[in-house]
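# A structural walkthrough
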Amino acid sequence: MTPSRPLSSARLDHIPLSAADQPLIDALYGDKRVTASFGIPPLTREELDARLQEALSPSWAAGDFGFFRLVLRDSGDDVGFGGIAPVDNEPGVGDIGYAFKPMFWGQGFASESVPVWIRWGFTALKLEALIANVTASHASAHILEKSGFIVIKDDGGPKRLLLSRPSETITV
């Protein structure tokens, strides 16, 4: 479900990603430090274009899933993007992903954004579970674990983490 207004966290506005955000995708996936955190080389022009189309493909028009441009409220600076993608052949499951410009690493933006996406995924999208795949970034795995995710795969390749929908408390 497309948010009726942008999501937000303490310092960031989470604005639905659009085709106009290609410069942000270029800056992130063209940066060796960012792509190294994913365990991949910087992307070519064609790969950059495809990456944005992939991020937009779940389509806000369909009302499911999506990614956000993360904007520092005080300055208007783009700090990165993130959100939830569908998981092939796993209805009711979303995949949390994000990337931040290196100049904003270590400032707690992922720690404040992940809970926003968790809440959105379980409430608005009515997901049953969220996963995250972490390649080279131990910091991301730590952030996700602090947010309630548990490691379900750690065999030397990418770690896979899972967060199931919390049980609803029923009061009588």
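Everything quoted here is computed from the prediction, not taken from an experiment. (Residues numbered from 1 in each chain as written. Predicted model: local features only at pLDDT ≥ 70, side-chain atom pairs only at ≥ 80, totals over all residues. Heavy atoms only, no water.)

### A short note on the overall build of the chain
Defined as follows: Secondary structure elements follow DSSP: runs of H or I of four or more residues count as helices, runs of E of two or more count as strands, with numbering from the N terminus. Classification of residues uses two cut-offs on accessible area relative to the type maximum, computed with a 1.4 Å probe and protein chains only: under 20% is buried, over 50% is exposed, and between them is partly exposed. A contact between two residues is defined here by any heavy atoms of the two lying within 4.5 Å. The Shrake-Rupley method, run with a 1.4 Å probe sphere, supplies the accessible areas, and residue values consider only the shown protein chains as cover.
Check the secondary structure of the chain and you find five helices and eight strands. For the chain, the proportion of its 172 residues judged to be buried stands at 42%. A fraction of 60% describes how many contacts in the chain between residues 6 or more apart in sequence connect residues 24 or more apart. When the accessible surface of the chain is split by element, carbon and sulfur atoms take 55% of a total near 9,100 Å².

### Remarks on the pattern of salt bridges
Stated precisely, the cut-off is as follows: We define a salt bridge as a contact between a side-chain nitrogen of Lys or Arg and a carboxyl oxygen of Asp or Glu at a distance within 4 Å.
The full count for this structure, using the stated rule, is eight salt bridges. Put simply, Asp 78 and Arg 69 hold a salt bridge, and the shortest N to O gap is 3.0 Å. A salt bridge links Arg 165 to Glu 128; the nearest nitrogen and oxygen atoms lie 3.6 Å apart. Within this pair, whereas Arg 165 is found in the segment after strand 8 (159–164), its partner Glu 128 is found in the loop between helix 4 (109–123) and strand 6 (129–134), the two being separated by 37 residues in sequence.

### Remarks on the confidence of the model for the chain
To keep things clear, this is the line we draw: The score called pLDDT rates the predictor's confidence residue by residue, from a low of 0 to a high of 100.
Within the chain, residue pLDDT values average 85, and 87% of them lie at 70 or more. Between the elements of the chain, mean pLDDT differs from a low of 78, seen in helix 3 (residues 45–56), to a high of 94, seen in helix 4.

### Structural notes on the nonpolar core
Nonpolar side chains in soluble globular proteins generally cluster together in the buried interior. Cut-off, in case you're wondering: To form a nonpolar core, buried Ala, Val, Leu, Ile, Met, Phe, Trp, Tyr and Cys residues must be joined to one another through side-chain atoms within 4.5 Å.
Ranked by size, the top nonpolar core spans 31 residues in total, and within it Ile 84, Tyr 98, Trp 117 and Phe 149 carry the most contacts. Broken down by secondary-structure element, the contributors of at least two residues to this core are strand 3 (66–72), strand 4 (78–86), strand 5 (93–100), helix 4, strand 6, helix 5 (138–146) and strand 8. A per-element tally of this core places helix 4 first, with eight residues. Beyond its immediate stretch of four places on either side in the chain, Phe 149 contacts Ile 96, Val 114, Ile 118, Leu 130, Ile 131, Ala 132, Leu 144, Leu 161, Leu 162 and Leu 163. Grouped together as the second largest cluster of nonpolar side chains are 15 residues, Leu 28, Val 34, Leu 56 and Phe 81 included.

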